[in-house]
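Read off the chains here:
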Amino acid sequence: LESNSTIGTLHLHSNSIGDKGTAALAHALESNTTLEVLTLNSNQVREGGAVALATAIHGNRKLNTLALHLNKVGDGGAKALAEALQHNTVLQTLDLHSNQIGKAGAEALGQALTQNKTLHTVHLHTNTILDAGATSLGKALEQNNTVHTLSLNNCQIGVAGAKALGHALTHEGDDAGRNETLQVLHLHNNRIVDAGATAIGKALESNKTLLTLTLHSNKIGKAGATSLGDALSHNSSLQTLELDKNQIGDPGALALGKALKVNSTLKRLVLWDNKIGDAGAVELVQALERNTTLRELNLFSNRIGDDSAIALGKALAKNSALQTLELERNSVGDAGVAAIAEALSRAGKQSLLVLGLADNEFGDEGASALANALERNKSLKTLVLSDNKIGVEGALALAQALETNTSLKELNLCTNQFGDTGAAAIGRALPKNKGLMKVDMRWNKVTDTVKAEIE
């Protein structure tokens with residue numbers, strides 16, 4: 001590397017290089033003028049190796065990406081790299097996730113971000129930076145105007161850290177932090193709870209630049225979700241919001257549903273595993289009658305039944321924007337599926353590409369309704385119906401639909417109840433279908449003889 005003039009990318013992850021090997025590479029970097037990307041992930045690099053790399057990048061004028069995740073650089077290594085970043089003028093991406101970095105290392109990196117003018121992507125997730133580290137980074141963002149992606153998930157950040165980050169993202173008010181470059185903020189798997197989510201929600205009301213916010217697994221409940229919903233009613237930039245594995249329940253879903261009726265930028269909303277029942281889900285899906293921008297709605301693993309699915313069917317009949325709908329692991333029965341199928345049958349309202357209905361409570365009637373929709377629908381690409389109660393009648397109806405449907409690419413029918421008769425019928429339909437690329441019928445008590453015939 002010291003004399004090489006051609007290599008631009010070097011991936012050396014998972015090689016047990018250690019500090020000694022890293023120091024040798026670092027020494028070469030001091031004179032190398034071509035290497036732009038160096039990945040040393042999972043190489044048992046500790047503080048010594050990080051210090052050597054810091055010395056190298058202090059004056060290096062070519063390297064723009066340094067990946068060191070899954071090592072053990074610790075606070076000492078992070079501090080050395082942070083000091084180098086105050087002088088480096090080319091590095092754009094720094095990945096230090098899973099490196100045993102604590103609050104002292106995060107504070108040093110925060111200080112570096114107040115001086116550095118080139119870094120745009122920083123991954124610090126799965127380190128123990130705590131509130132103190134997150135607060136330092138939040139204060140740094142108030143002065144930094146280059147970082148657009150910051151990963152702080154799984155860092156044991158609580159309310160104080162969330163408030164500091166929220167303050168940095170606030171664009172209006174005498175005391176606003178006014179960071180106008182951050183576009184992606186990952187904060188999932190922390191301890192933000194309602195108070196932290198409320199602070200971030202307040203920031204989003206005036207923020208005009210953040211595009212993606214991940215907050216899943218943070219014990220956020222009604223109050224936090226309500227604040228985020230209020231923010232979405234005013235926010236004009238956020239495109240992705242992940243709130244899965246929280247506790248927003250029906251009240252939180254009601255607040256988000258209200259926001260979706262007026263929001264015109266959100267494209268992806270992930271709410272799986274949030275204890276949302278029909279009371280909240282009905283309001284949420286009814287918003288789709290007015291909303292024209294949401295592309296993906298994920299309600300996997302909630303408490304949604306036929307009432308919500310029927311309301312959803314009515315909304316889908318008017319909506320021409322939604323492309324992905326995930327309803328797996330709920331309690332939707334035949335009536336609910338029939339309502340969704342009716343919407344899929346309507347000409348002119350066929351934007352849906354992916355429909356997930358696995359692990360619900362419908363059988364032949366629902367499957368037959370979907371089959372009828374498939375004969376007319378020209379948009380759906382993926383249909384997931386696994387873990388339901390579809391028997392022979394439903395499988396026969398689906399087989400007939402497959403003979404004429406031209407859009408479906410993937411059909412999942414695992415773990416149903418149609419056995420040899422249903423599987424054989426679907427198998428006979430496949431040669432007539434010109435678009436289907438994958439059909440999964442495992443765990444349907446299909447004999448080896450029929451499997452062989454289908455294959």
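Here, the structure is the one placed above.
Now for a description of the structure that goes with this document.

Quick notes on the rules
Residues numbered from 1 in each chain as written. Predicted model: local features only at pLDDT ≥ 70, side-chain atom pairs only at ≥ 80, totals over all residues. Heavy atoms only, no water. Helix = DSSP H or I, 4+ residues; strand = E, 2+ residues; numbered from the N terminus. Phe/Tyr/Trp six-rings, centres within 6.5 Å; stacked < 30°, edge-to-face > 60°. Buried < 20%, exposed > 50% of the residue type's maximum accessible area, 1.4 Å probe, protein only. 1 Å grid on protein atoms, 1.4 Å probe; cavity = no way out; pocket = protein on both sides within 12 Å on 5 of 7 lines; lining within 4 Å. Points joined across faces, edges and corners; volume = space filled by probe spheres on them. Core = buried A, V, L, I, M, F, W, Y, C linked by side-chain atoms within 4.5 Å. Contact = heavy atoms within 4.5 Å. Axes fitted to C-alpha atoms, helices over the stretch in contact; angles between N-to-C directions. Parallel < 35°, antiparallel > 145°, perpendicular 65-115°, else oblique. Nonpolar A, V, L, I, M, F, W, Y, C, P; charged D, E, K, R; others polar. Polar contact = N/O pair within 3.5 Å; in protein donor to acceptor, adjacent residues only side chain to side chain. Salt bridge = Lys/Arg side-chain N within 4 Å of Asp/Glu carboxyl O.

1. Some details on unusual backbone geometry
Consideration 1: The backbone phi angle of Ser16 is positive, close to 55°, even though this residue is not glycine.
Consideration 2: In this fold, Ser16 is placed in the loop between β1 (9-11) and α1 (18-29).
Consideration 3: Its identity is not glycine, yet Trp443 carries a phi of approximately 60°, on the positive side.
Consideration 4: Following the sequence through the fold, Trp443 ends up in the loop between β16 (438-440) and α16 (448-454).

2. Considerations on the packing of aromatic side chains
Consideration 1: As enumerated under the stated definition, the model contains 1 aromatic pair in all.
Consideration 2: Taking 5.7 Å as the distance between ring centres and 90° as the angle between the ring planes, the aromatic pair formed by Trp272 and Phe300 counts as edge-to-face. On the criterion of sequence distance, the pair formed by Trp272 in the loop between β10 (268-270) and α10 (278-286) and Phe300 in the loop between β11 (296-298) and α11 (306-316) is long-range, its members being 28 residues apart.
Consideration 3: Under the relative-accessibility criterion, Trp272 is labelled partly exposed at 26%.

3. Quick look at the layout of surface pockets
Consideration 1: There is about 230 Å³ of room inside the largest pocket.
Consideration 2: Surrounding the largest pocket, Ala423, Leu430, Val439, Asp440, Met441, Arg442, Trp443, Val446, Lys451, Ile454 and Glu455 form its lining.
Consideration 3: Where the lining of the largest pocket is concerned, the elements lending two or more residues are β16 and α16.

4. Structural notes on the nonpolar core
Consideration 1: Grouped together as the largest cluster of nonpolar side chains are 135 residues, with contacts concentrated most on Leu355 and Leu385.
Consideration 2: Residue contacts for Leu385: discarding those within four places in its chain leaves Leu357, Ala358, Phe362, Leu370, Ile390, Leu398, Leu411, Asn412, Leu413 and Asn416.

5. Examining the side chain of Ser345
Consideration 1: Summarising the element assignment, Ser345 is placed in helix α12 (residues 334-345).
Consideration 2: In this structure, Ser345 is in contact with Gln350, Asn372, Ala373 and Arg376, ignoring residues within four places of it in sequence.

6. Points about the packing of helix α6 (residues 159-169) against helix α7 (residues 193-204)
Consideration 1: Remark: α6 packs on α7, axes separated minimally by 8 Å, with the N-to-C direction vectors making an angle of 5°. Our classification of the angle between α6 and α7 gives roughly parallel. Residues Val159, Ala162, Lys163, Gly166 and Leu169 of α6 form the contact with α7, whose participating residues are Val193, Ala195, Gly196, Ala199, Ile200 and Ala203.
Consideration 2: The residue makeup of the contact of α6 with α7, split by class, is 8 nonpolar, 2 polar and 1 charged.

7. Quick look at the environment of Met441
Consideration 1: Looking at where Met441 falls in the secondary structure, it is placed in the loop between β16 and α16.
Consideration 2: Using a relative accessible area of 13% as the deciding quantity, one classes Met441 as buried.
Consideration 3: Spatially, the C-alpha atoms of Met441 and Leu94 are 44 Å apart, while their sequence positions differ by 347 residues.
Consideration 4: Not counting residues within four places of it along the chain, the set of residues in contact with Met441 comprises Leu413, Phe418, Ala423, Ile426, Val446 and Ile454.

8. Observations regarding the packing of helix α4 (residues 103-113) against helix α5 (residues 130-141)
Helix-helix packing is characterised by the crossing angle of the two axes and by the distance between the axes.
Consideration 1: It is at 8 Å that the axes of α4 and α5 come closest, and there the two elements cross at 0°. The angle between α4 and α5 places the two elements in the roughly parallel class. On α5, the residues that touch Lys103, Ala106, Glu107, Leu109, Gly110 and Leu113 of α4 are Ala132, Gly133, Ser136, Leu137 and Ala140.

9. Considerations on the side chain of Asn116
Consideration 1: Looking at the element boundaries, Asn116 is found in the loop between α4 and β5 (121-123).
Consideration 2: Among the residues examined, Asn116 registers a relative accessible area of 2% and is labelled buried.
Consideration 3: Within polar-contact distance, the side chain of Asn116 engages the backbone oxygen of Leu85 at 2.9 Å.
Consideration 4: At 2.7 Å, the side chain of Asn116 and the backbone nitrogen of Leu119 are in polar contact.
Consideration 5: Ignoring any residue separated from it by four or fewer positions in sequence, one finds Asn116 in contact with Leu85, Asn88, Asn144 and Thr146.

10. Quick notes on the pattern of salt bridges
Consideration 1: Taken as a whole, this structure holds 10 salt bridges when the rule is applied.
Consideration 2: For Glu296, the salt bridge is made with Arg268, and the minimal N-O distance between the two is 3.1 Å. With Glu296 in strand β11 and Arg268 in strand β10, this residue pair connects regions lying 28 residues apart in the sequence.
Consideration 3: Here Asp359 ties to Arg329 by a salt bridge, and the two come within 3.7 Å at their closest N and O atoms. Of this pair, Asp359 sits in the loop between β13 (354-356) and α13 (364-374) while Arg329 sits in the loop between β12 (324-326) and α12, and the two are 30 residues apart along the sequence.
Consideration 4: Residue class for Asp359 comes out partly exposed when judged on its relative accessible area of 33%.
Consideration 5: Since its relative accessible area comes to 47%, Arg329 is described here as partly exposed.
Consideration 6: Among the ionic contacts, a cluster of salt bridges with common partners joins Glu242, Arg268 and Glu296.

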